[in-house]
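Residues per chain are reported as follows:
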Amino acid sequence: MSDTPEEMRKQMIGGDFDPRGFIELMASHSHGGLIGTRYLDHGDDWAELAIDYDEKLVGDPATGILASGPVVSLVDTASGMAIWLKSQKFVEIVTIDLRVDYLRPAKVGNSVCARMQCYRATRNIAFVRGQAHDGDAEDPIAQAAGTFMFMRPA
Amino acid sequence: MSVLLPPYAEALGVVAERDDNGRLVLAMDFAAHVRGRPGFLHGGAIAGLLELAAIATVQDRLGSDDRPRFKPITVTTDFMRGGRDKRTYAAAVISRLGSRLANVESFAWQESEDTPIAAARLNFLLARATGSPNR
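Going along each chain's sequence as written, the residues are numbered from 1 onward. Going through the entries in the order they are written, you letter the chains from A and number the ligands from 1. pLDDT decides what is reported in this predicted model: residues at 70 or higher carry local features, side-chain atom pairs at 80 or more are listed and counted, and totals for whole chains, interfaces and linings draw on all residues regardless. Side-chain calculation: all heavy atoms of the structure are included, whereas hydrogens and water are not.

Asker: So what's going on with the confidence of the model for chain B? Residues and values would help.
Answerer: By definition, pLDDT measures how confident the predictor is in each residue, and it falls between 0 and 100. Put simply, chain B has an average pLDDT of 93, and 95% of its residues get 70 or more. Pairs of residues are marked as contacts when any of their non-hydrogen atoms sit within 4.5 Å. Confidence over residues 131-135 of chain B falls short of pLDDT 50; this stretch has 15 contacts with residues more than four positions distant or in other chains.

Asker: Outline the pairing of strand E1 (residues 38-42) of chain A, listing residues and values.
Answerer: Residues and elements named next belong to chain A. Any two strands with at least two DSSP-identified bridges between them are counted as paired. Where helices and strands are cited, they refer to DSSP runs of H or I of at least four residues and of E of at least two residues respectively, numbered from the N terminus. Here E1 runs beside strand E2 (residues 46-51); their pairing, made up of 4 bridges, is antiparallel. Looking across to E2, one finds that tyrosine 39 is bridged to leucine 49. Connecting E1 to the antiparallel partner E2 that follows it, the hairpin turn spans 3 residues.

Asker: Talk me through the packing of aromatic side chains; I want residue IDs and the actual numbers.
Answerer: Between 30 and 60 degrees the pair is tilted, below 30 it is stacked and above 60 it is edge-to-face, where a pair is any two Phe, Tyr or Trp rings, Trp via its six-membered ring, whose centres lie within 6.5 Å. The final tally for this structure, using the stated rule, is 4 aromatic pairs over all chains. Taken together, a centroid distance of 5.6 Å and an interplanar angle of 85° make the contact between phenylalanine 70 of chain B and phenylalanine 124 of chain B edge-to-face. Separated by 54 residues along the polypeptide, phenylalanine 70 of chain B in strand E3 (residues 69-79) and phenylalanine 124 of chain B in strand E6 (residues 116-127) bring together distant segments of the chain. Phenylalanine 124 of chain B matches phenylalanine 70 of chain B in its accessibility class, with the two residues each being buried. Summarising the aromatic geometry, the rings of tyrosine 89 of chain B and tryptophan 109 of chain B are spaced 6.1 Å apart at their centres and angled 25° between planes, so their arrangement reads as stacked. Of this pair, tyrosine 89 of chain B sits in strand E4 (residues 88-97) while tryptophan 109 of chain B sits in strand E5 (residues 101-109), placing them 20 residues apart in sequence. Above the ring of tyrosine 119 of chain A, the side-chain terminus of arginine 129 of chain A is found at 4.1 Å from the ring centroid. Only protein chains enter the area calculation, which uses a 1.4 Å probe; residues under 20% of their type maximum are buried, those over 50% are exposed, and those in between are partly exposed. Charges are assigned to positions over rings by a cutoff of 6 Å between ring centre and Lys NZ or Arg CZ, combined with an angular limit of 35 degrees from the ring normal.

Asker: Which residues make up the confidence of the model for chain A, and what values do they have?
Answerer: For chain A, per-residue confidence averages 89 on the pLDDT scale, and 88% of positions sit at 70 or higher. Per-element confidence in chain A ranges from a low mean pLDDT of 60 for helix H1 (residues 5-13) of chain A to a high of 98 for strand E6 (residues 112-121) of chain A.

Asker: Residues and numbers for the pattern of salt bridges, please.
Answerer: Whenever Lys or Arg places a side-chain nitrogen within 4 Å of a carboxyl oxygen from Asp or Glu, that contact is recorded as a salt bridge. Enumeration according to the criterion identifies 14 salt bridges over all chains in this entry. When the shortest N-O distance is used, the salt bridge between aspartate 54 of chain A and lysine 56 of chain A registers 2.8 Å. For aspartate 54 of chain A, a relative accessible area of 24% gives the class partly exposed. Look at lysine 56 of chain A and you get partly exposed, because its relative accessible area is 33%. Of the charged contacts, one joins aspartate 60 of chain B and arginine 18 of chain B as a salt bridge, the two residues approaching to 2.9 Å between their closest N and O atoms. In this pair, aspartate 60 of chain B is assigned in helix H2 (residues 43-62) and arginine 18 of chain B in strand E1 (residues 14-18), connecting sequence segments 42 residues apart. Overall, arginine 18 of chain B belongs to the partly exposed group, its relative accessible area being 37%. Each of the salt bridges in this network shares a partner with another, and the network as a whole consists of Arg104, Asp134 and Asp139 of chain A.

Asker: Describe the side chain of serine 30 of chain A, with residues and values.
Answerer: Within the element layout of this structure, serine 30 of chain A appears in the loop between helix H2 (19-29) and helix H3 (31-35). Here serine 30 of chain A falls in the buried class, since its relative accessible area comes to 5%. Among all residues touching serine 30 of chain A, those that are not within four sequence positions of it are Ala32, His33, Arg35 and Gly36 of chain B.

Asker: Lay out the interface of chain A and chain B with the relevant residues and their values.
Answerer: Tallying the contact residues gives 39 residues for chain A and 29 residues for chain B. Summed over both partners, the accessible surface that disappears when two parts come together, traced with a 1.4 Å probe, is what is meant by buried area. Three residues stand out in chain A for area buried against chain B, namely His31, Leu34 and Tyr102 of chain A, and they jointly supply 19% of the buried area on that side. Counting the contacts that link chain A with chain B gives 2 salt bridges. For the salt bridge of arginine 37 of chain B with glutamate 92 of chain A, the shortest nitrogen-to-oxygen distance reads 3.2 Å. Two N or O atoms count as a polar contact when they lie within 3.5 Å, although within protein this holds only if one can serve as hydrogen donor and the other as acceptor, and sequence-adjacent residues are included solely when both atoms are side-chain atoms. Taken together, the connections running from chain A to chain B amount to 14 residue pairs in polar contact (both at pLDDT 80 or more). Looking at the side of chain A that touches chain B, the elements that each hand over two or more residues are H1, H3, strand E3 (58-60), helix H4 (69-87) and strand E5 (93-102) of chain A.

Asker: Account for the nonpolar core, naming residues and giving values.
Answerer: Of all hydrophobic cores here, the largest spans 80 residues; its most connected members are Met81 of chain A together with Leu12 and Phe124 of chain B. Top contributing element to this core by residue count: H2 of chain B, with 11 residues. Excluding its chain neighbours within four sequence positions, the residues that come into contact with methionine 81 of chain A are Phe17, Pro19, Phe22, Ile23, Tyr39, Ala47 and Leu49 of chain A. For our purposes a nonpolar core is just a set of buried Ala, Val, Leu, Ile, Met, Phe, Trp, Tyr and Cys residues, chained together by side-chain atoms within 4.5 Å.

This is the structure:
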């Protein structure tokens, strides 16, 4: 297990991508730590991450509802992991655009879980879609879609 | 009027300022808690800054007597340049402000406003205690 982001990146580019280890590492070094990103699960072309409810991430003190920013962060990070899993190419990727539709507010106190799938990856571009929910995957809080670009085409 | 920012702004380290024209500009310093890949801002932190700028700008227009709840409906963020290890600014332009909906465009930049690092289109439902029904 590497212990700096730089080492992790080298290891990833070498082809040894560990989704759980990646998230645990990022939690101690970056924005993922601020919002408390947790690894839940992954498959061949998808990744599932979660954040716990946290008062410091509240966007509306009157209601205690989370800001939308942390949900975007979660979706963005899960998208990147889904793309690495799908493409089996662990090169740097950048977000081109990301759209999140908020179907309803997350319940105050609930964890938020995002599951993103990379449904198409070309030489240069990857396409993702997915949903976020706060406990019941059948009753999502948000629908998301995005496009990403590989920094160095294979 | 003074600008009230939510706890999320404090967590990101976002502060509200005004430029020489009195326009509201939000600022966020680079730090580990807003970093994604090494040396760059996390896209989610940039999106968070853009959201905060959009809400603060609409609230600034509405004035202190009218404080609706801002329910984001759609947020579409375009990332144009990597956010580097420096202070990031964001300001928003209100496309339309109605009684129930606000359509806002938000921009973030570092070196110069002419070279934005990201932009977002945000549509909010404005929910008031009395009046229009909630979603």
